[in-house]
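The residues making up each chain are set out below.
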Amino acid sequence: MNFEWFFSKKTICKSSSKNKTFQTIVIITQIVIFISLLITIFTFSIGFGFKNLTREKLLNIKGQITLVNKNSENKIPIDSSKIKNSSLRNFLSIENIKVKNIYPFAENNVLIGINNKILEKFIFKGIYENYNPIFFHYFLVSLEKKNNKNSLLSNNNILLSRKISFLLGVNIGSNIKIDFMIFKKRSSIPIIISKVFKIYGLYETGIPEFDNLYIIGNIKHIQSIYGWKKEFVEGFEIFLSNFYKKNIFNQKKYKNFLLKSANNEYYNDFITWINIFNANIIIIVFIVFISLIINMITFILILILERIKTIGILKMMGARNKNIYYVFLFYIMHIFIPPLIIGNIIGITLLLIQKKFHILLLNKMQYFIDFIPVNLNYIDIIIINLSIIFICFLTVIFLSLFFINKIYPKKVIDFE
């Protein structure tokens, strides 16, 4: 058996059992290591959980780029057969933009009235039934029970936001009359075309600019109102793999069409909020590690003072400074291994429980999501553990090199 390991194990246990003050210091040090590990793991997992889930949701509310006809004011439709996804993706790849999906859409201003009184002006968003399924996965909060998602937008079914349904005093299964406003060329007076729809489900994104305005239905209703053929749409929503911050699209044209960035309209506040997560995580981890370093320095100094007689005896018996360094390293290993093991078990278990059962909830209107999200990345956990071990070892090595070399057997004997 290694002498340094054996000696450190025996003496640390003996010192702890005899010296209650030293035992208390050891326990405090272990608690600090345990808490530092938990806080760091929670900070990384919850911080990046918030960031990733919020970004994933925001990226699927609406396309970050829209492609529309240059003369969009007059609602001139775009022939989808003339725009191939491959060529559009190639065009965007020139700007280093990674496209996930492209979906056609059409929008029209509508009015909704109750008891012959107009309440509000909304936007009817017409989409095909194969429209971005991630949108429905994240934001569809209520659905007519007897049906399923396969018939979401078939026939006259529509989706309202929870806020609009509350405003209009309607719910799932209710019928509602929607007045479409159509402006003919060179006329400022709209033509009103009314249609009756059935509320099939409710959605909630948490973005007021979207929830306050949009009614979602089948694109065929707008096509029929304007007399478009099935292959004609108003534009395309382009969903990206990440936010594209450069606002260059107002001047970029794809043949006869205009590319516009929607980021500034909907997501500015949330993008800023997402970007501060990295800074917050770094600040919290920095504070935790500084606290850990201060505690470890204090503990090592107390340990050296408490073991100064032992150091003198070992040097009198011929032990080299290198052997004594190893003794102190093994001291630290005996102390920080138990809290690291316990901290990892407790931390990972709590995070797994939260990830599966969503026990800790949030106010969705304030935080955009209704539970505390968890991103359990085991590589991050390994890096956190290695960082704490590195801090402990570095503290021991630095202080040991500085103080142990200054301890001479004769001075220890004189002191005693």
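As the structure is a computational prediction, the values presented were derived from the model and not from experiment.

Caption draft 1: Representation of the packing of aromatic side chains. By the definition in use, this model includes 18 aromatic pairs. Taken together, a centroid distance of 5.6 Å and an interplanar angle of 80 degrees make the contact between Tyr-103 and Phe-239 edge-to-face. You can see Tyr-103 sitting in strand E3 (residues 99-114) and its partner Phe-239 sitting in strand E11 (residues 235-240), a full 136 residues away along the chain. The two residues Tyr-103 and Phe-239 agree in class, both being buried. Arranged with centres 5.3 Å apart and planes meeting at 55 degrees, the rings of Phe-135 and Phe-139 form a pair that is tilted.

Caption draft 2: Summary view of helix H9 (residues 268-306). In this model H9 runs 58 Å from its N-terminal to its C-terminal C-alpha over 39 residues, within 8% of the 57 Å that 1.5 Å per residue would give. Helix geometry: H9 is bent most strongly at Phe-277, by close to 25 degrees.

Caption draft 3: Focus on the pattern of salt bridges. Throughout the structure, instances matching the rule amount to three salt bridges. The salt bridge involving Lys-125 is made with Glu-237; its shortest N-O contact spans 2.6 Å. Here Lys-125 is found in strand E4 (residues 117-127), whereas its partner Glu-237 is found in strand E11, with 112 residues between them in sequence. The two residues Lys-125 and Glu-237 agree in class, both being buried. We note a salt bridge from Glu-204 to Arg-162, for which the minimum N-O separation is 3.1 Å. Placement of Glu-204 in the loop between strand E8 (191-203) and helix H6 (208-211) and of Arg-162 in helix H5 (residues 162-168) is noted, with a sequence separation of 42 residues between them. Overall, the relative accessible area of 12% leaves Glu-204 in the buried class.

Caption draft 4: Expanded view of the pairing of strand E6 (residues 157-161). Counting buried residues along E6, five of its five residues qualify, which places the element largely inside the surrounding structure. Across five bridges, the pairing between E6 and E8 is parallel. Looking at the pairing, Leu-160 lines up with Leu-202 of E8. Pairing of E6 with strand E9 (residues 214-218) involves two bridges; the strand directions are antiparallel. Bridged to Leu-159 within E9 is Ile-216.

Caption draft 5: Region of interest: the layout of surface pockets. In this model, the second largest pocket occupies a volume close to 390 Å³. Around the second largest pocket sit 17 residues that line it, and Leu-53, Lys-57, Tyr-138, His-358 and Phe-371 are the ones nearest its centre. Secondary-structure elements contributing two or more residues to the lining of the second largest pocket are helix H2 (20-58), helix H4 (133-139) and strand E5 (140-143). Take the lining of the second largest pocket: its biggest share by element is five residues, from H2. Among the residues forming the lining of the second largest pocket, the class breakdown is seven nonpolar, five polar and five charged.

Caption draft 6: Main features of the side chain of Gln-354. With respect to the secondary-structure elements, Gln-354 resides in helix H11 (residues 321-357). Here the side chain of Gln-354 touches Ile-359 through a polar contact of 3.1 Å, landing on its backbone nitrogen. Those residues in contact with Gln-354 that sit more than four places away from it in its chain are Ile-359, Leu-360, Ile-372 and Val-374.

Caption draft 7: Representation of the packing of H2 against H11 within the structure. At a closest axis distance of 8 Å, the pairing of H2 and H11 adopts a crossing angle of 35 degrees. Of the two possible hands of crossing, H2 and H11 adopt the one that is right-handed.

Caption draft 8: View of the environment of Ile-193. Position of Ile-193 among the secondary structure elements: in strand E8. For Ile-193, a relative accessible area of 28% puts it in the partly exposed group. When residues no more than four places from it in sequence are discounted, the contact partners of Ile-193 are Ile-178, Asp-179, Phe-180, Ile-182 and Ile-225.

Cut-offs used in this document
Residues numbered from 1 in each chain as written. Predicted model: local features only at pLDDT ≥ 70, side-chain atom pairs only at ≥ 80, totals over all residues. Heavy atoms only, no water. Phe/Tyr/Trp six-rings, centres within 6.5 Å; stacked < 30°, edge-to-face > 60°. Helix = DSSP H or I, 4+ residues; strand = E, 2+ residues; numbered from the N terminus. Buried < 20%, exposed > 50% of the residue type's maximum accessible area, 1.4 Å probe, protein only. Expected span 1.5 Å × (residues − 1). Bend = angle between axes of the 7 residues up to and from the residue. Salt bridge = Lys/Arg side-chain N within 4 Å of Asp/Glu carboxyl O. Pairing = 2+ DSSP bridges. 1 Å grid on protein atoms, 1.4 Å probe; cavity = no way out; pocket = protein on both sides within 12 Å on 5 of 7 lines; lining within 4 Å. Points joined across faces, edges and corners; volume = space filled by probe spheres on them. Nonpolar A, V, L, I, M, F, W, Y, C, P; charged D, E, K, R; others polar. Polar contact = N/O pair within 3.5 Å; in protein donor to acceptor, adjacent residues only side chain to side chain. Contact = heavy atoms within 4.5 Å. Axes fitted to C-alpha atoms, helices over the stretch in contact; angles between N-to-C directions. Left-handed = near helix turned anticlockwise from the far one by under 90°.

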